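A closer look at the structure
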Amino acid sequence: MKVELTINGDDYACDVEPDLTLLSFLRDVLGLTGTKWGCLTGDCGACTVLVEGEPVVSCLQLACQVQGREVTTVEGLETADGLDEVQAAFVSNGASQCGFCTPGMVMSVEALLRTNSSPDEAEIREALAGNLCRCTGYSKIVDAVLQAAAQRRSAAGSSAGNVS
Amino acid sequence: MPAVRTSELQVVGRRIPKLDAPEKVTGQIAYADDLRMSGLLEGAILRSPHPHARILSIDVSAAERLPGVRAVIHAGNVQQSCFGYGNDNMPLKGDKVRFIGDEVAAVAAIDEEVAKRAIDLIHVEYEVLPAVFDPYEALEDASPCIHDELADVSGNVSMRWDFDHGDVDAAAERAAVVVEGRYSAPQAAPAPIETHVVIASFSPSGHLTVWSPVHMVFMYRKALADVLGLDWRKITVIQPPVGGSFGGKIDIDTHDFIAVMLAKHARRPVRLAMSREEEFIGTRTRQPIHFRLRTGADAEGNLLFRDAEVVSDNGAYNAWGSHAMLVAMNTITSMYRVPNSRIRCAVVYTNKNYGGSVRGFGNPQATFAVEQQMEELADALGMDPMDLRLRNANQSGDVTPQGMEITSCGLSECLEIVREQSGWDERRGTMRDRHRGLGAAAFIHVGGGARIYGSDGCGAIVKVEESGQVTLISGSSELGQGSETALAMIVAEEIGVPIESVQVVNSNTDIKPWDVGVHASRTTFVAGNAARMAAAAARDKILETAADLLEARPCDLRVRDGVVEVADEPERRIDFGRAVRRRLLREEGSVVMATAFYDPPTHHQDKEYRGNISAAYGFGAHVAEVEVDPGTGMVRLLNLWTAHDVGRAINPMSCEGQIEGGAAMGVGLALSEELVMFDGQIAAPNLHDYGLPTSVDVPRTVVNLVETIDPLGPFGAKGVGEGGIIPPPAAIANAIADATGVRPREYPMRPWKVKHWIDSEERSHVIAGKDASGHG
Amino acid sequence: MADVFIPGSIEEAVAFLADHPATAMPIAGGTDILVDTRTGRSRPERLVDLSGLRGFGGFELDGELLRLGALTRIRSIELDAELARRAAALVEAARVLGSVQIRTMATVGGNLCHATPSAEMPPALLVHEAVAEITGASGRYSTPLADFFVSPGRTILAPGDLLTAVRARVPSSTSGSCYLRQTVRWSMDLAGVGVAASVHVKEGAVSKASVALSAVAPVPMVVAGAEDAVVGTDLGSDVLAEAGRRAAQACAPISDARGTADYRREVVSVLVPRALRIAWLRATASWPEGSPAPANGVWTGMWTGELR
């Protein structure tokens, strides 16, 4: 089955098995192994990617169902200066230990901050409930999100010339 | 080594992000399943559907004929021998299967789908045998014998751990108050987000390379050779980055052997990746332990004795789990000063998935019993539980009944801190109308290695490049906990270079020096001391050269921020890298490289379980605050205050990370995590039914780092990896008791159990002494 | 390995499913179907991907009538402020279903058609008098949602039938609803017991009420006698307790890894009064507008009689 889609800004057209998941398409066909898997049943969130800016678990999404759509994976986040704000905040806050949940976690945070630029701690915890982390106990992840959100707000404020 | 004043430290004590964090947040780091190699086959395992059965025949002919299949192996066509404690296990079973999930055959094929189809084509004929799942039933004479082939095992008891100190019966006579209770811990799982993935490949010349996220790589290499009849000189073990272990990936497991046998038969590299279901069913768990515990004290609240009968339900085979009593025993005999103690423990075979080594290793289970009983005892005495704890707290200089020599101890300080922060004195016992309660628990755990092999040592090599970059080659490895960064910080501090100048190599057995492995919260202490020793030796070589160049004595020099200078005349200085080059690039030059091996000054336990097995012991205390919904039994954890004696925080951010993460696992144990089984079958082997805590279940944990500066730890540091997981089940149970007046007897304290206790008014059992009024 | 058919219209989808009754299965969000195929619970040979069909996603409010297209994403229900005011039970059920990722993918139709006994949407829709709109090979028809579920995993849909929309009644101002549940984890969990309730209040008394349950019977169920217990009252504690008792008697839970039958019955008798009470508070404008109830209905201060 022919699938055409955009991943991290690049257009791909591939012939794939009809029931291939987006996860396998990314990892096994394209070699984008930044997206991890931990369960293949939607419970852990390690495979979270954005489709049209919204978070999905790529293990439960068929590649053919994202036909014509835009997918963002962890490989698509870095800016010209290096890490984006969320990634940088994860580094500086110690929000990543073994790192296996981190790419999926970061993608969920990106999705959250696109819809809510100043989430409080409870909102952050609810938004990340679908991303299991076994290492950190979540507190440092919450700290990283709060910091990244604040940085993004101040960057947006200065570029727009106002502060909301 | 000289004592170091905190004010002099340049690197140690700073909140430095993990060295590998940028690779992790970008997804660039390659875990085992991310490795790509030419010709790689996918493996799959056929597991027993029966909890106990004799294998009558195995027919693999149809599987072998399936196009794309490159190897089909079973006990009849491989070379393998026994492994495990007591040699009771075999990679592929030929005679009997002993639990649902036991390995019977395996396939390597061109892809996962073909491998799975081939597995479905293998026909095994079983004679189903009666099975036993309850350890107390397994102790009965009429119970099915699970290991009838083992001559030296009688019935289903594979081991006993019995300990006696003093005279418990006489102490019980004297006691003003004795409390007695039963406490049970469930079957749980380490459940890292990355499942076990192993890749095995033989070179044309017969050299085996294995990529496995294991963290006792040298033991692993030897076990592969011993069990599979391979030449251990021709085995390389590479540890890719580990996507979480928590003990689950510590050592060799059946699938490791199977991957290697498949690669040998297929003559191609083979990957064996556990699905999440297999991770629960077929890799090691935290075994259930059942305690009947009595604690007695005199009227002033001095502990007089502990008396424990313990049954460890270790499952079908004896892996590491059989030795969890080693640690559980420490807590029963040595948590607080207990003058008399008695333990009778049986490790029992049952037809279930078997116990391995999971973070805390027997200690959360034992602490659940011991620390609930402290609060029950305090209530029976009419004393505040914190006062009771402080009165009996271990102190530096103590030698416990098991011979554990406590050389640094912040237990009392930890207790005082969480007491104050939680508002314990004003709030405990006052919130029952709101169904809220506070509960505490403390812990003792090894923090300076744990001598369970001939050596408890670790090797280190420090190599200084001509660029001035420093490479630490450590025998120890990184699991995500941040030990690599801590080791780099120790090296940077010792030499006097910035942290950016240090890199760590630690993943290949061909390169790195020997180490026992990562376990028992030992890495920062043991590998840290080794790294520090090697760093000091390398620095001294550079100082020798620099002294020539600066026309000074080596003892008058110091290294700061990558510059060697005369201590009293800092304008006389030379760049660190330049000193290295001057030593190297000359006639009769030499490289700057130093090795060290640190083996802590500890002793094996004797046959009576006495001996100072660790060079330092870690302590800590937690207070939990809960709100219990009496209608549904749902428990919300509102707050968790923690204080841990870490010796010295090499990297405070990593220490907090270990404690917060450990505490979250402890919260999971307390409230949700369990492998619920029906007739030996795990009911729902997935992460949500298992109850792995989410970001909503774990509250923000308050962490206090108490620095006691251990005399032997590197810069005073002690191990911190396991402490966090130990107190929460006990602290949360005590908080539930405070909130409701009923006494939890087992964890996880899932809603229907809590409701059942409330409705049936489960109470403490006070045998002697004062009336047990009050709560508990 | 399954083949995937991508229909261009609902008629094409219906025809394909009718032609392959034993082997084809519709897929929309995929969050249940792909888990089932992964764990071996079902092995469809052909998947009919409905997710691209136009005109079946999204919802509209027309007076008291809410019409939800079958392909409406759970996440869009969760985030809608108007629905939070008008159909609180539905929004509360949406909020606790799976994770953000699952809610982004999963559809209302999928949640209903998978017919999981513990599913979140059915009880919340049942108390809003929901009706299922179905298109099949023989044409279109409607049926009360209460008659839609047959047994775990089975609905009345014949091969070739597709659920296209659900209609629900969401009266304004003087009515309120609520969805509560018992779980092990506080998020990202399946309900051990799910309870939805709605009440209409006229002149200080209940004029109409409904209670529906999930996870305590083979199919989601409306509690037949609940309304009789509460109509005409102002929901005093005796009345609430009686409604709880009736619901506990009406349900038929089993014992499994998520709890025993007796426990579940007890929890029904506890959660039904709480859900009715919160619905009443909403109907009488005594609950903060648009504010969701805590998952188990216990709010801070509840025990001491404070209202939030």
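The notes below deal with the structure included here.

With respect to the sheet that holds strand β18 (residues 470-474) of chain B
All names here are of chain B. The strand order β19-β18-β17-β23 describes an open sheet built from four strands, whose pairing is mixed. Only two strands of the sheet have a single neighbouring strand rather than two, namely β19 (502-505) and β23 (592-598). On average, adjacent strands in this sheet sit at an angle of 20 degrees to one another, irrespective of strand direction. Alignment of strand β17 (residues 458-464) against β23, held across seven bridges, turns out to be antiparallel. The residue bridging V464 from the neighbouring strand is V592, located in β23.

With respect to the pairing of strand β22 (residues 569-575) of chain B
Bridge analysis of strand β21 (residues 563-566) of chain B against β22 of chain B gives four bridges, and the strand direction is antiparallel. Bridging from a neighbouring strand, V564 of chain B pairs with I574 of chain B of β22 of chain B.

Notes on the interface of chain B and chain C
A common way to state how big an interface is: give the accessible area lost once the parts meet. In this assembly, 24 residues from chain B lie in contact with 20 residues from chain C. Elements with a contribution of two residues or more to the side of chain B that touches chain C: α18 (687-690) and α20 (751-760) of chain B.

Concerning the interface of chain A and chain B
Of the residues lining the interface, 40 residues belong to chain A; the matching set on chain B comes to 43 residues. Looking at the side of chain A that touches chain B, the elements with two or more residues in it are α2 (85-92), α3 (102-115), α4 (121-127) and α5 (139-160) of chain A. It is α2 of chain A that contributes the most residues to the side of chain A that touches chain B, four residues altogether. A class-by-class count of the residues in the side of chain A that touches chain B yields 18 nonpolar, 15 polar and seven charged.

Considerations on the environment of A440 of chain B
Residue and element names in this part refer to chain B. Mapping A440 onto the fold places it in strand β16 (residues 436-446). What makes A440 buried here is the crowd of 28 C-beta atoms within 10 Å. Those residues in contact with A440, other than ones at most four positions away along the chain, are P385, M386, V418, A621, H622, V623, A731 and N734.

Examining the packing of α2 of chain A against α3 of chain A
Residue and element names in this part refer to chain A. Direction vectors running N to C along α2 and α3 enclose 130 degrees, while the axes themselves pass 10 Å from each other. The orientation of α2 with respect to α3, classified from their angle, is oblique. The two elements α2 and α3 cross, and the hand of that crossing is right-handed. Contacts from V86, Q87 and F90 of α2 reach α3 at T102, V106, V109 and E110. Taken together, the residues of the contact of α2 with α3 break down into four nonpolar, two polar and one charged.

What to know about the pairing of strand β6 (residues 131-136) of chain C
All names here are of chain C. Bridge analysis of β6 against strand β10 (residues 162-169) gives five bridges, and the strand direction is antiparallel. Along β10, the bridge assignment pairs I134 with L163. Across six bridges, β6 lies against strand β7 (residues 139-144) in antiparallel orientation. Within β7, the position partnered with G136 by the bridge is G139. Taking the residues between adjacent antiparallel strands as the criterion, β6 and β7 are bridged by two residues.

Section: unusual backbone geometry
The omega torsion across Y747 of chain B and P748 of chain B is 5 degrees, close enough to zero to call that bond cis. The residue P748 of chain B is located in the loop between α19 (728-740) and α20 in this model. Of note, the phi angle at L40 of chain A is positive, near 65 degrees, even though the residue is not glycine. The residue L40 of chain A is located in the loop between α1 (22-29) and β3 (48-51) in this model. L40 of chain A sits in the buried class, given 24 other C-beta atoms within 10 Å. Positive phi, close to 60 degrees, is recorded for L235 of chain C, a residue that is not glycine. By the element assignment, L235 of chain C lies in the loop between α9 (226-230) and α10 (237-250).

Definitions and cut-offs
- Residues numbered from 1 in each chain as written.
- Chains lettered and ligands numbered in written order.
- Predicted model: local features only at pLDDT ≥ 70, side-chain atom pairs only at ≥ 80, totals over all residues.
- Pairing = 2+ DSSP bridges.
- Helix = DSSP H or I, 4+ residues; strand = E, 2+ residues; numbered from the N terminus.
- Axes fitted to C-alpha atoms, helices over the stretch in contact; angles between N-to-C directions.
- Contact = placed C-beta atoms within 7 Å.
- Nonpolar A, V, L, I, M, F, W, Y, C, P; charged D, E, K, R; others polar.
- Buried ≥ 20, exposed ≤ 12 C-beta atoms within 10 Å, placed from the backbone.
- Parallel < 35°, antiparallel > 145°, perpendicular 65-115°, else oblique.
- Left-handed = near helix turned anticlockwise from the far one by under 90°.

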